[in-house]
Amino acid sequence: MPISERLGQLGSGVFARMDHRKRAYGLSAACLERPLLDLSLGSTDLQPPVPVLEAMAEALLAPASAGYCLNAATLPFREAAAAWVQQRFGVTVDPQREVLLLVGSQEGTAHLPLAVLNPGERALLLDPGYPSHRGGVLLAGGKPVLLPLLADQGWRPCWEQLSPSQTAQLRLLVLGFPHNPTATVGQQQWLEEALALAQASGAVLAHDNPYVDLALEGEAPALLRCDGWREGGIEFFSFSKGWCLGGFRLAFAVGAAPLIEALAQVKAVVDFNQSLALQAGAITALQQFADWPAQLLPIYRGRRDAMAAALKAQGWSVPHASMALYHWLPLPEALLGLGSEAACASLLERSGVALTPGVGFGPGGEGWLRLALVAEQAVLQEAALRLGAALQQCGDD
Ligand SMILES: Cc1ncc(COP(=O)(O)O)c(C=O)c1O
C-alpha cells in the first residue's frame, strides 16, 4: 500500500499512543477494581456557558446551518472576534482581512506551515512544545529546528542557543505562552524578543495562545500587544480552554493580512468552515461571556494547590504551575530508569491513572510527565493516592 514517507517522520503521536493504552486498560480486569482516571488530556470537565449551547441549539434548526459556509458568511463571527480583540488587548483589527475562523488552534497551527514554508525551509519550535506545531512543519516538508527550553532557565526561550546562521535560515518561529506542557505563563518580553528575531531574518512569528485567559499568576503574553505584529505575526486563539468548548472545534487567528489570506487559501482546499450554528455559539461566548475564563481561575487554582499538596504528600516533587490546567512533573526517582513513555505505561497499569509522557512533546520533555487538572478535587486526591501507591510498588520491585 503506498503510504507517504512524511507519515514515517510524523510517528504515531503521543495522544494516539495514550488512547491505545487507555483502551487496553479499560478492557483489563484491573479496571474493574480501579476505574480509569484520565488526566492525560487537556480536555476539561468544566462546563461552557449554557446560553452558548442554547444559541448553538437554536441556530442548528435554521436551514443555513446545514449548508456549506464559505468565508464571506463567517463575517459576523469575525466581527465578534475583532470586537473581543479590541476589548481584550485595546487593538483594532480589520475583521475582513486580519481575522480567520478556524477548526481549532490545533488545525490552524498545523496548516500554517503549508501557507508559509517551502519544502526544506526551517521552522523554529519550542522543545518541549505542542505536538501539532512539529506535525504541521513536517507535513509541509519543512525542517524543525528545536529550541530547548530548560527548567533551570524557568523555561525561557534562550535565543543565544541559536547561531547567527541558524537564525538567518529561519522562515517560521512557533511559540506558545502560556506554555503547554511546562505550565509556565511566560513573559511579554519573550514575545518581543521573538518578534525582533523573526523580523531580522524575515521570518513569520506564529503565537499559539489558547490559554491567554488562563494565567493563574500575572498576565499572559500576547503577540497582539507587541508593536509590529502586522509585519509577519499571527496569533491563534481558541474556545476550547477558556470557554470549555473543545469538542465543538472553534478557534480563530488574528494576524498580518497576507498571512491570514495565505492560511485561508490553504484552508479553502481542506475544509469549509464550521457550521453557522457553532459560530452562533462562539459569537455568544465572545459577546456575552468574555469573563467566563476568569470564572474558571479559582477552580483551577484550587485544583492545582490541592493536587500539588496531595502529590507532595506521596513524595513527588511538584514544581509550581503558573497557568491553569496542568502540572508538569519531573519523573520520580523510582521511575527514572524507565523514561517517560514506559513510566506512564507502568503508572497506568498499576494505578489506573493516565498521565502524558513528556517525551510526547519533544525530546526536551523526556524525564517529565504532564498531569491535566481536568477532574474535581476529590478525584484528583484519589489519583494522587493511587499514584503514590504505584510509586511505592515500583520502588519495591
Ligand atoms: C498549545 C496548544 N495549542 C493548541 C491546542 C489545541 O487547541 P484547539 O482545541 O483549539 O485545537 C492545545 C490543546 O491542548 C494546546 O495546548
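Residues numbered from 1 in each chain as written. Predicted model: local features only at pLDDT ≥ 70, side-chain atom pairs only at ≥ 80, totals over all residues.

## Thoughts on the packing of helix H13 (residues 340–351) against helix H14 (residues 377–396)
Turning to step 1, where the next piece is worked out: Relative to each other, H13 and H14 sit at 110°, their axes nearing to 9 Å. Overall, the two elements H13 and H14 adopt an arrangement that is roughly perpendicular. Considering how the two elements wind past one another, H13 and H14 form a crossing that is right-handed. Here H13 contributes Ser346, Leu347, Arg350 and Ser351 to the contact with H14, which in turn contributes Arg386, Leu387, Ala389, Ala390, Gln393 and Cys394.
Turning to step 2, where the next piece is worked out: When grouped by side-chain class, the residues that make up the contact of H13 with H14 number 5 nonpolar, 3 polar and 2 charged. (Axes fitted to C-alpha atoms, helices over the stretch in contact; angles between N-to-C directions. Helix = DSSP H or I, 4+ residues; strand = E, 2+ residues; numbered from the N terminus. Parallel < 35°, antiparallel > 145°, perpendicular 65-115°, else oblique. Left-handed = near helix turned anticlockwise from the far one by under 90°. Contact = placed C-beta atoms within 7 Å. Nonpolar A, V, L, I, M, F, W, Y, C, P; charged D, E, K, R; others polar.)

## Looking at helix H11 (residues 276–288)
Turning to step 1, where the next piece is worked out: Here H11 is 13 residues long and its end C-alpha atoms lie 18 Å apart, about the 18 Å a rise of 1.5 Å per residue gives.
Turning to step 2, where the next piece is worked out: Those residues of H11 not exposed but buried are Leu276, Ala277, Leu278, Gln279, Ala280, Gly281, Ala282, Ile283, Thr284, Ala285 and Leu286.
Turning to step 3, where the next piece is worked out: Contacts from the buried residues of H11 go to helix H4 (50–60), helix H5 (75–89), strand E2 (99–102) and helix H12 (292–313). (Expected span 1.5 Å × (residues − 1). Buried ≥ 20, exposed ≤ 12 C-beta atoms within 10 Å, placed from the backbone.)

## Let's talk about the pairing of strand E5 (residues 170–175)
Turning to step 1, where the next piece is worked out: Buried residues dominate E5, accounting for 6 of its 6 residues.
Turning to step 2, where the next piece is worked out: Relative to E5, strand E3 (residues 122–127) runs parallel, the two being bridged by 4 bridges. Bridged to alanine 123 within E5 is leucine 172. (Pairing = 2+ DSSP bridges.)

## Notes on the site of the ligand
Turning to step 1, where the next piece is worked out: Neighbouring residues of the ligand: 13 residues in total, closest Gly104, Gln106, Asn180, Ser238 and Ser240.
Turning to step 2, where the next piece is worked out: Grouping the constituent residues of the shell around the ligand by class yields 3 nonpolar, 9 polar and 1 charged. (Near = placed C-beta within 6 Å.)

## Brief notes about the packing of helix H6 (residues 105–116) against helix H10 (residues 257–270)
Turning to step 1, where the next piece is worked out: Between H6 and H10, the shortest axis-to-axis distance is 9 Å and the interhelical angle comes to 105°. Considering their axes alone, H6 and H10 lie roughly perpendicular with respect to each other. Taking contact as the criterion, the partners of Gly108, His111, Leu112, Leu114, Ala115 and Val116 in H6 are, on H10, Leu259, Ala262, Leu263, Gln265, Val266, Lys267 and Val270.
Turning to step 2, where the next piece is worked out: A breakdown of the residues in the contact of H6 with H10 according to their chemical character gives 9 nonpolar, 3 polar and 1 charged.

## Looking at the nonpolar core
Turning to step 1, where the next piece is worked out: Formed by 116 residues in total, the largest nonpolar core has its most connected members in Leu172, Leu173 and Phe252.
Turning to step 2, where the next piece is worked out: For this core, the element with the highest residue contribution is H11, accounting for 8 residues.
Turning to step 3, where the next piece is worked out: Of the domains in this structure, domain 1 (5–47 + 292–396) and domain 2 (50–288) are the two that each give at least three residues to this core.
Turning to step 4, where the next piece is worked out: Excluding anything up to four places from it in sequence, leucine 172 contacts Pro113, Val116, Leu117, Ala123, Ala203, Val204 and Ala206. (Core = buried A, V, L, I, M, F, W, Y, C linked by C-beta atoms within 7 Å. Domains from an automatic or database assignment.)

## Notes on the sheet that holds strand E11 (residues 356–357)
Turning to step 1, where the next piece is worked out: Read across the sheet, 3 strands follow the order E9-E12-E11 without closing on themselves; strand pairing throughout is antiparallel. Two strands close off the open sheet at either side, each with one partner strand: strand E9 (326–330) and E11.

## Here's the deal with unusual backbone geometry
Turning to step 1, where the next piece is worked out: Cis geometry is found at the peptide bond from aspartate 127 to proline 128, where omega equals 5°.
Turning to step 2, where the next piece is worked out: On the secondary structure map, proline 128 appears in the loop between E3 and helix H7 (131–139).
Turning to step 3, where the next piece is worked out: Along the chain, asparagine 180 connects to proline 181 via a cis peptide bond; the corresponding omega equals 20°.
Turning to step 4, where the next piece is worked out: Inspection of the secondary structure puts proline 181 in the loop between E5 and helix H9 (188–200).
Turning to step 5, where the next piece is worked out: Although it is not a glycine, tryptophan 155 adopts a positive phi angle of roughly 65°.
Turning to step 6, where the next piece is worked out: Here tryptophan 155 is to be found in the loop between strand E4 (143–148) and helix H8 (164–169).
Turning to step 7, where the next piece is worked out: Even without a glycine there, the phi angle at alanine 183 is positive, about 60°.

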